[in-house]
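Residue-level structural notes
Given next are the chains, with one letter for each unit.
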Amino acid sequence: MKIFGQIIRLFTLCCIGDLISLMLPFPFPGSVIALVLLFLLLISGLIKTEQINTVSDFLLKNMSFVFLPSTVSIISYIDVFKSIIWQFLFICIITTVITFFATAYAVKFTIYLMNKFRKESKDA
Amino acid sequence: MLNQFTSQPIFGFTLCVIAYCIGVKLKSRFNYPIVNPLIVSAVICIAVLLVFGIPLENFKAGASTVGMFLAPATAALALSMYRQMKVIKKNIVPIIVGCTVGSAVAVISIALLCKAFGLTAEITASLIPKSITTAIASDLSAQLGGIPSITVAAVAVTGIFGAVMSPYFIRWSRLDNSVAAGLAIGASCHALGTSKAVELGEVEGSLSGIAVGLCGLITVFLSLFI
C-alpha cells in the first residue's frame, strides 16, 4: 500500500500539472508544472520526503528507461536525420563548449565580485 | 502470426525492459560514457525490430506505456533538488547567475547556429532544448513544435560529449573553482555530465545536479519568448 500511496501523490500531481498546462494561454509542459508544484509542497512541508521517495528514487535512478520509446522512434525520422547529420553534430558539440565556458566564467566572475564586495564592506 | 504477436502491448513493453536491463548491466561492467544504457537499449530494440521486420507501430503499442512515466520522472526531479536545499541556500547567487547565463547562452547559440545553417523551424525547435535534461527537453520540444525523437538524440550526443570532455575543459580553462565547475557541467551537459561531476568531487556533483534542474526550468521560461 505504501507504494500505491506514493504513486497516487506523484501521479495526481502530474495530472494537475497537465490540467494547468491545458488552461495556460502559452505552451508550458505539464510535467514541469508538476515538478514546480512538488518542489513547493516539499518546501512547505505539506509532502514529506518519505511520502514519495521510494517511487521517485526508482524513477530518478532509471530515468533513461522512460526515454527509450522516443529514442527508438528515431528510425521513423531517419531520412530527416541523415539530411542534417553534420549540422546536427556540429551544433551539439559547439554549443556544449560555448555553454560550459560561459557558465564557468559567469560563476567565477560572480564569486570574485562577491568576495571583493565582502572585503570592501569589512574594510569600511 | 509474428505481426499478431508483436502488436500485443506486452511485446513492446517486455522488449523495452529486457533491452534496458542489458544496457544497465553493460554499463556496470564498462564504466565509459559511450556505453550508455539508453543508447545500448535503443540499439538493441532497433536491431530486433529491423531483423524481424516488426513495424514500429507494433512496438509503440507497448512502449507507449513506458513513455507514460516521463511526467512522473520529471516531477521526481523536484525531490533531488529539494535534497540539495542546503547547498542551494549557501550558493544561491552563483547558482542563479550561472544557470541563467548558461541557459540563455545555450538557447541563443543553438538558435543562431540553426539559422546560420538554414535549418527548418521544426529542427530548430527540436534542438533548442538539447542542453537540458531529457525529461524536460522532450516535452519542451513537443510544445515548441519539434520532433522529440531528434531532441532525445541531441540531448544524448550533448551529454556524452560533455561527460567525456568536461574534465579537459576544466583543465584547459584552469578553472580552480569547484562551484563554477559543477554549475558549468550541469548547465552544458545535464545529467550525463553530472555523473562525471560526481566523480570529480562532492561539491561539483551536487551543484551540477542543481544546475540540471534549474537550467531545465529557466530554459522552459526562456523558450516562451522565442
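Each residue is numbered by its place in its chain's sequence as written, counting from 1. The order in which chains are written sets their letters, starting at A; the order in which ligands are written sets their numbers, starting at 1. It should be noted that, the model being predicted, local features are given only for residues of pLDDT at least 70 and side-chain atom pairs only at 80 or more, the latter also being counted only at that level, while totals for whole chains, interfaces and linings use all residues. To obtain the side-chain values, all non-hydrogen atoms of the structure were included, while hydrogens and water were left out.

Our focus in this paragraph is the overall build of chain B. Put simply, DSSP marks the helices as runs of H or I at least four residues long and the strands as runs of E at least two long, and each gets a number from the N terminus on. Looking only at helices and strands, chain B features twelve helices and zero strands. Moving toward the C terminus, one meets the helices and strands of chain B in the order α-α-α-α-α-α-α-α-α-α-α-α. For chain B, the spread of C-alpha atoms along the three principal axes comes to 60 × 40 × 30 Å. Across the 226 residues in chain B, those meeting the buried criterion constitute 56%. By sequence separation, contacts in chain B at least 24 residues apart represent 62% of the contacts at least 6 residues apart. Only the protein chains shown count as covering a residue, and every accessible area follows the Shrake-Rupley method with a 1.4 Å probe. Per element, the accessible surface of chain B, about 9700 Å² overall, is 68% carbon and sulfur. Positive and negative side-chain charges in chain B, numbering 13 and 7 respectively, have mean positions lying 5 Å apart. To sort residues, take the accessible area from a 1.4 Å probe on protein chains only and compare it with the maximum for the residue type: under 20% means buried, over 50% means exposed, and anything in between is partly exposed. The criterion used for residue contact is that any of the two residues' heavy atoms lie within 4.5 Å. Positive: Lys, Arg. Negative: Asp, Glu. His and the chain ends are not part of the count. Charge coordinates come from a single atom per side chain, which is NZ of Lys, CZ of Arg, CG of Asp or CD of Glu.

So, about the interface of chain B and chain A. Across the boundary between the two partners, chain B contributes 87 residues, which contact 70 residues of chain A. The term buried area denotes the loss of accessible surface (1.4 Å probe radius) that occurs when two parts are joined, taken as the sum for both partners. Counting the surface lost from both chain B and chain A, the interface buries some 7000 Å², and carbon and sulfur atoms represent 84% of this. When a carboxyl oxygen of Asp or Glu is within 4 Å of a side-chain nitrogen of Lys or Arg, the pair counts as a salt bridge. Run the count over chain B and chain A and you get two salt bridges. When the shortest N-O distance is used, the salt bridge between Lys108(A) and Asp176(B) registers 3.8 Å.

Right, let's talk about helix α11 (residues 178-200) of chain B for a bit. Every α-helical turn comprises 3.6 residues, leaving residues that sit three or four positions apart pointing alike. All names here are of chain B. Take the residue count of a helix, subtract one, and multiply by 1.5 Å to get its expected span. With 23 residues, α11 extends just 9 Å between its outermost C-alpha atoms, more than 12% less than the 33 Å of an ideal straight helix rising 1.5 Å per residue. In this analysis the local bend is the angle between axes fitted, respectively, to the seven residues ending at and the seven residues starting at the residue. Residue His 190 marks the point of greatest curvature in α11, where the axis turns by about 140°. Where α11 begins, one side-chain oxygen reaches toward the backbone nitrogen of Val 179, 2.9 Å away; that side chain belongs to Asn 177. The term polar contact refers here to a pair of N or O atoms within 3.5 Å; inside protein, the definition further demands a hydrogen-donor-capable atom paired with an acceptor-capable atom, and it admits residues adjacent in sequence only when both atoms are side-chain atoms.

Another aspect to go through is the domain arrangement of chain A. In this entry, domain limits derive from an automatic or database-based domain assignment. Entries for chain A in the domain assignment read domain 1 (1-66) and domain 2 (72-124). Each of domain 1 of chain A and domain 2 of chain A has a C-alpha centre, and these two points are 28 Å apart.

We now examine the side chain of Asn58(B). Residue and element names in this part refer to chain B. Counting through the fold element by element, Asn 58 comes out in helix α4 (residues 56-67). Within the structure, Asn 58 has its side chain in polar contact with the side chain of Asn 3 (distance 2.7 Å). Beyond its immediate chain neighbours, meaning those up to four positions away, Asn 58 contacts Asn 3, Thr 6 and Ser 7.

Let's shift gears to the domain arrangement of chain B. Residue and element names in this part refer to chain B. Domains assigned within chain B are domain 1 (2-68) and domain 2 (74-225). Of note, the centres of domain 1 and domain 2, computed from C-alpha atoms alone, are 26 Å apart. With six residues of domain 1 at the contact, the number on the domain 2 side is six residues. At the boundary of domain 1 with domain 2, total buried surface from both sides reaches about 500 Å², with 77% on carbon and sulfur atoms. On the domain 1 side of the interface with domain 2, the three residues burying the most area are Pro 33, Asn 36 and Leu 38, jointly 60% of the side's total. Scanning the region where domain 1 abuts domain 2 turns up zero residue pairs in polar contact (both at pLDDT 80 or more). Residues were grouped as follows: Ala, Val, Leu, Ile, Met, Phe, Trp, Tyr, Cys and Pro as nonpolar; Asp, Glu, Lys and Arg as charged; and all remaining residues, including Gly, as polar. Grouping the constituent residues of the side of domain 1 that touches domain 2 by class yields four nonpolar, two polar and no charged.

Turning to the environment of Ser31(A), a few remarks are in order. Relative to the helices and strands, Ser31(A) resides in helix α2 (residues 30-44). Note on Ser31(A): relative accessible area 2%, which makes it buried. C-alpha of Ser31(A) to C-alpha of Ala106(A): the two residues are 75 residues apart in sequence and 29 Å apart in space. Residues within four places of Ser31(A) in sequence aside, it is in contact with Asp18(A), Ala71(B), Thr74(B), Ala75(B) and Asp139(B). Here the side chain of Ser31(A) touches Asp139(B) through a polar contact of 2.6 Å, side chain to side chain.

Attention shifts here to the packing of aromatic side chains. Stacked, tilted and edge-to-face pairs are distinguished by plane angle, under 30 degrees for stacked and over 60 for edge-to-face with tilted covering the rest, among Phe, Tyr and Trp rings (Trp via its six-membered ring) whose centres lie within 6.5 Å. Enumeration over the complete set of coordinates arrives at 15 aromatic pairs over all chains. Ring geometry for Phe5(B) and Phe11(B): centres 5.5 Å apart, planes at 65°, overall edge-to-face. Looking at Phe11(B), the relative accessible area reads 12%, which means it is buried. Feature note: the residues Phe100(A), Phe101(A), Tyr105(A), Phe161(B), Tyr168(B), Phe169(B) and Trp172(B) constitute an aromatic cluster, connected by ring pairs.

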